[in-house]
Amino acid sequence: MIRIGGAQMPVTAKISNNVEHLKEAIDWAAKNQVEFLLTPEGSLSGYMNTFEYLEQSDIQESFREVTQYASESGIGLALGTEFIDTLPFGRVKRSQIRYTNEQGILTGVYNKQMVIPGETSYPGEGPELIEIEHFNQSGPVKFKAGSFICNDMWGQRNNKQCIINDLFYYEHHKTNILFHASNGFRSEHAGISADESANMRLFSDMHLWNASRYKIPIITVDNCYNIDGTFTNSPTSSQSGIILNGEWLVKANPSGTDYFYYDFKF
């Protein structure tokens, strides 16, 4: 058995603030014997920050700081963050879920596929099956994880979607759990009315419900602030929690910081 948790938490535009929010989430996880923790898209980097900002702020050092802090409590992470990646043609910014084990060792990376223009992020090439081995008091726990980042679950790029093909891929590979890190538009701050925001949340939650019908549990978390990192009391852009086969096993509060967990037997 392994206890996996999610952190619906503030994602600000400043990395140093995000480090502190992440440490608070890790402290909660340690207090509640959570062994593996998912955070929202951009939870370390901020959302839609520039390549130059990430480089000047030394995103890699902040990543090491957070993962080391988590490892001191024996907590693995599925950490949503923008990051600087090196490809054969040069260095690019990507939106990622970076997986680390209870020792703080990087065990896998997923790159967002359905990026939007404002992110200026280089898109991922396809689904990534992350094989995780976590050690707890009962011994090793092995499970296969799939990943989606925000728009991957419901969006399009070049008139194409990835959700159905990726779900087939994860189903074929007998994936145990899907991690979904989100950071979506909501509220009048994003130039949309409250009614439009509510409709967008229904649209997002419908896709989560449909995806959960593949009978792979989905753990999903959203930023509880505006996408530019400022405070808001309005509901998140999608429901945070854990959903399986159309039923929510755990639901987070609709707004504000909230943490949750569930005990899985893989």
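Residues numbered from 1 in each chain as written. Predicted model: local features only at pLDDT ≥ 70, side-chain atom pairs only at ≥ 80, totals over all residues. Heavy atoms only, no water.

Trainee: Give a detailed account of the state of the cysteines, specifying residues and quantitative values.
Mentor: For the structure on display, the rule yields zero disulfides. Just so you know, Cys-224 is unpaired, no disulfide at all, and the nearest cysteine sulfur is the one on Cys-150, 15 Å from it. Of the residues examined, Cys-224 reaches a relative accessible area of 2% and is grouped as buried. (Disulfide = S-S within 2.5 Å. Buried < 20%, exposed > 50% of the residue type's maximum accessible area, 1.4 Å probe, protein only.)

Trainee: So what about the nonpolar core? Which residues, and what values?
Mentor: Residues Ile-4, Tyr-99, Phe-143 and Phe-179 are the most contacted members of the largest nonpolar core, which totals 37 residues. Counting residues per element, this core draws most heavily on strand β7 (residues 139-149), which supplies five residues. By size, the runner-up hydrophobic cluster in this structure holds 22 residues, among which are Val-19, Leu-44, Ile-59 and Phe-63. (Core = buried A, V, L, I, M, F, W, Y, C linked by side-chain atoms within 4.5 Å. Helix = DSSP H or I, 4+ residues; strand = E, 2+ residues; numbered from the N terminus.)

Trainee: Before we move on, could you go through the pairing of strand β4 (residues 90-100) and cite the residues and values that matter?
Mentor: The side chains of a regular strand alternate between both faces of the sheet. Burial within β4 is extensive, with nine of its 11 residues counted as buried. Alignment of strand β3 (residues 76-87) against β4, held across 11 bridges, turns out to be antiparallel. In the strand pairing of β4, Gly-80 is matched with Ile-97. Pairing geometry for β4 and strand β5 (residues 106-111), over five bridges, is antiparallel. Bridge pairing links Gln-96 to Asn-111 in β5. Connecting the antiparallel pair β4 and β5 is a turn made up of five residues, with Gly-104 showing a positive phi of about 80 degrees. (Pairing = 2+ DSSP bridges.)

Trainee: Describe helix α1 (residues 15-31), and please don't skip the residues or the numbers.
Mentor: Taking 1.5 Å as the rise per residue, α1 with 17 residues should run 24 Å; its terminal C-alpha atoms sit 24 Å apart, in good agreement. Buried residues of α1: Ile-15, Asn-18, Val-19, His-21, Leu-22, Lys-23, Ala-25, Ile-26, Trp-28 and Ala-29, and no others. On its buried face, α1 sits against β1 (2-8), β2 (36-38), α2 (51-56), α3 (59-71), β3 and β12 (258-264). Remark: Gln-33 follows α1 within two positions and exhibits a positive phi of approximately 55 degrees. (Expected span 1.5 Å × (residues − 1). Contact = heavy atoms within 4.5 Å.)

Trainee: Outline the packing of α1 against α3, listing residues and values.
Mentor: Put simply, α1 and α3 touch, their axes get as near as 10 Å, and they point 15 degrees apart. By the angle class used here, α1 and α3 are roughly parallel. For α1 against α3, the interelement crossing comes out right-handed. On α3, the residues touching Ile-15, Val-19, Leu-22, Lys-23, Ile-26 and Asp-27 of α1 are Ile-59, Ser-62, Glu-65, Val-66, Tyr-69 and Ala-70. (Axes fitted to C-alpha atoms, helices over the stretch in contact; angles between N-to-C directions. Parallel < 35°, antiparallel > 145°, perpendicular 65-115°, else oblique. Left-handed = near helix turned anticlockwise from the far one by under 90°.)

Trainee: Explain the sheet that holds strand β11 (residues 247-251) to me, using residue names and the numbers behind them.
Mentor: Taken in spatial order, the six strands of this open sheet run β6-β7-β8-β9-β10-β11, and their pairing is mixed. Only two strands of the sheet have a single partner each, and these edge strands are β6 (130-136) and β11. Across the sheet, the mean angle separating the axes of adjacent strands is 30 degrees when strand polarity is ignored. Note that strand β9 (residues 218-221) and strand β10 (residues 241-244) share three bridges and pair antiparallel. Within the sheet, the bridge partner assigned to Ile-218 lies in β10 and is Ile-243. Most of the contacts of helix α4 (residues 163-172) go to β7, to which it runs at about 165 degrees, and overall it touches β7 and β8 (177-181).

Trainee: Tell me about the side chain of Lys-93, and name the residues and values.
Mentor: Mapping Lys-93 onto the fold places it in strand β4. By relative accessible area, Lys-93 is classed as buried at 3%. Within polar-contact distance, the side chain of Lys-93 engages the backbone oxygen of Asn-49 at 2.6 Å. When sequence neighbours within four positions are dropped, the list of residues in contact with Lys-93 reads Met-48, Asn-49, Thr-50, Phe-51, Leu-54, Glu-82, Phe-83, Glu-119, Thr-120, Ser-121 and Tyr-122. (Polar contact = N/O pair within 3.5 Å; in protein donor to acceptor, adjacent residues only side chain to side chain.)

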